[in-house]
Amino acid sequence: MIEELLPPSVSAVESFADDTTDTLFPEEAALVARAVETRRREFATVRRCAREALAKLGAPAAPILPDPKGAPGWPSGFIGSMTHCAGYRAAAVAPGTALAALGIDAEPNLPLPDDGVTALVTLPEERPHLAALAARHPEVNWDRLLFSAKETVYKVWYPLTRRWLDFHEATITMDPSSSTFTARILVDAPFTTLTGNWLSRDGLLVTAATKT
């Protein structure tokens with residue numbers, strides 16, 4: 001799924017089930033030593049995906065450790081992104097010479113939990129757009145898709161700025177005809193717009209974007 005949304009320079013691996021064997025490096029295992037088994041397997045599976053994607057590009061296997069804000073630390077010379085939700089894990093990586101940053105995200109094709117969450121992640125001007133999309137294409141939960149797109153935008157944004165980007169600091173417009181989205185950044189930034197791709201399939205919503 002995720003490969004369909006990314007350029008050829010990106011290596012991506014996905015999994016629809018968790019690993020049953022422990023593939024973690026000791027440094028990684030220490031991070032989830034006290035976690036429940038489901039969290040440990042999720043953590044291990046997405047890192048196995050990342051290492052397989054890196055191996056396709058000739059990178060040696062190495063620990064992938066989070067920075068203080070939780071962003072994965074990639075081997076020198078590579079950039080990437082990871083995501084996981086119920087029933088899906090994926091990682092995408094690329095040489096730093098090909099792209100400056102990339103982001104991916106996956107969510108279940110379900111509504112956001114409640115109006116409070118919707119208000120937290122959407123801007124007032126985005127809500128009529130979402131309502132119009134829902135009326136025309138009810139098979140997609142557009143509020144959740146917008147959330148996923150904003151997560152993807154942040155994953156592109158953070159490596160380039162090392163700054164937080166709030167949900168209300170970017171506005172998203174969805175295009176159902178081309179399965180793309182456009183983000184407009186509302187704060188001082190090295191880029192003001194970002195275009196990404198999305199798909200809805202098999203109960204999942206997946207988004208991706210890259211920056212050269």
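Just so it is clear, the model here is predicted, and its values are computed rather than measured. (Residues numbered from 1 in each chain as written. Predicted model: local features only at pLDDT ≥ 70, side-chain atom pairs only at ≥ 80, totals over all residues. Heavy atoms only, no water.)

Even after reading the chapter, I still don't get the packing of helix α4 (residues 126–136) against helix α5 (residues 142–161), so can you show me in this structure?
How two helices sit against one another is set out by the angle between their axes and by the gap between those axes. The contact between α4 and α5 brings their axes to 9 Å, and the two run at 130°. In terms of orientation, α4 lies oblique with respect to α5. Taken together, the residues of α5 that come into contact with α4 (itself represented by Glu126, Leu130, Leu133 and Ala134) are Trp142, Asp143, Leu146 and Lys150. Its residues assigned to classes, the contact of α4 with α5 comprises five nonpolar, no polar and three charged. (Axes fitted to C-alpha atoms, helices over the stretch in contact; angles between N-to-C directions. Helix = DSSP H or I, 4+ residues; strand = E, 2+ residues; numbered from the N terminus. Parallel < 35°, antiparallel > 145°, perpendicular 65-115°, else oblique. Contact = heavy atoms within 4.5 Å. Nonpolar A, V, L, I, M, F, W, Y, C, P; charged D, E, K, R; others polar.)

Any chance you could explain the packing of aromatic side chains here in plain terms?
Each aromatic ring pair is summarised here by two numbers: the centre-to-centre distance and the angle between the ring planes. With the rule as written, the count across this model stands at six aromatic pairs. Here Trp157 and Phe191 contribute two aromatic rings whose centre-to-centre distance is 6.2 Å and whose plane-to-plane angle is 75°, an arrangement assigned as edge-to-face. Placement of Trp157 in helix α5 and of Phe191 in the loop between β6 (180–185) and β7 (193–201) is noted, with a sequence separation of 34 residues between them. Each member of the pair Trp157 and Phe191 is classed as buried. An aromatic cluster of three or more residues is present, and its members are Tyr154, Tyr158 and Trp164. (Phe/Tyr/Trp six-rings, centres within 6.5 Å; stacked < 30°, edge-to-face > 60°. Buried < 20%, exposed > 50% of the residue type's maximum accessible area, 1.4 Å probe, protein only.)

Explain the side chain of Glu107 to me, please; I cannot follow it from the model alone.
Inspection of the secondary structure puts Glu107 in strand β4 (residues 101–108). The buried category is assigned to Glu107, whose relative accessible area is 10%. Apart from the residues lying within four places of it in its own chain, the contact partners of Glu107 are Cys85, Arg144, Phe147, Ser148, Gly203, Leu204 and Leu205.

Explanation requested: the sheet that holds strand β3 (residues 88–95) in the structure shown.
Strand pairing in a sheet takes place through backbone hydrogen bonds and is either antiparallel or parallel in direction. Within the open sheet, the three strands sit side by side as β1-β3-β2. Their pairing is antiparallel. Edge positions in the open sheet fall to β1 (11–15) and β2 (78–85), since each of these has one partner strand only. Direction aside, neighbouring strands of the sheet carry axes that sit 10° apart on average. Sheet analysis places β1 next to β3, joined by five bridges and oriented antiparallel. Looking at the pairing, Ala12 lines up with Ala92 of β3. Where helix α2 (residues 37–56) meets the sheet, its contacts fall on β1, β2 and β3, and the angle it forms with β1 comes to roughly 150°. (Pairing = 2+ DSSP bridges.)

How do you make sense of the environment of Val140 when you look at a structure like this?
Considering the arrangement of structural elements, one finds Val140 in the loop between α4 and α5. What makes Val140 buried here is its relative accessible area of 6%. Residues Val140 and Thr173, 33 residues apart in the sequence, show an inter-C-alpha distance of 15 Å. Once residues within four sequence positions are removed from consideration, Val140 is found in contact with Asn109, Leu145, Ser200 and Leu205.

Sorry if this is basic, but what is going on with α4 here?
The periodicity of an α-helix, 3.6 residues per turn, causes residues three or four positions apart to be oriented the same way. Residues of α4 that are buried: Glu126, Leu130 and Leu133. For α4, the buried positions fall inside an angular range of 65° around the axis, keeping them on one side. For α4, the exposed residues lying more than 90 degrees away from the buried face are Pro128, Ala135 and Arg136. As for α4, its buried residues are in contact with α3 (115–121), α5 and β5 (170–175). (Arc of directions from axis to C-beta.)

This is a description of form; function is not addressed.
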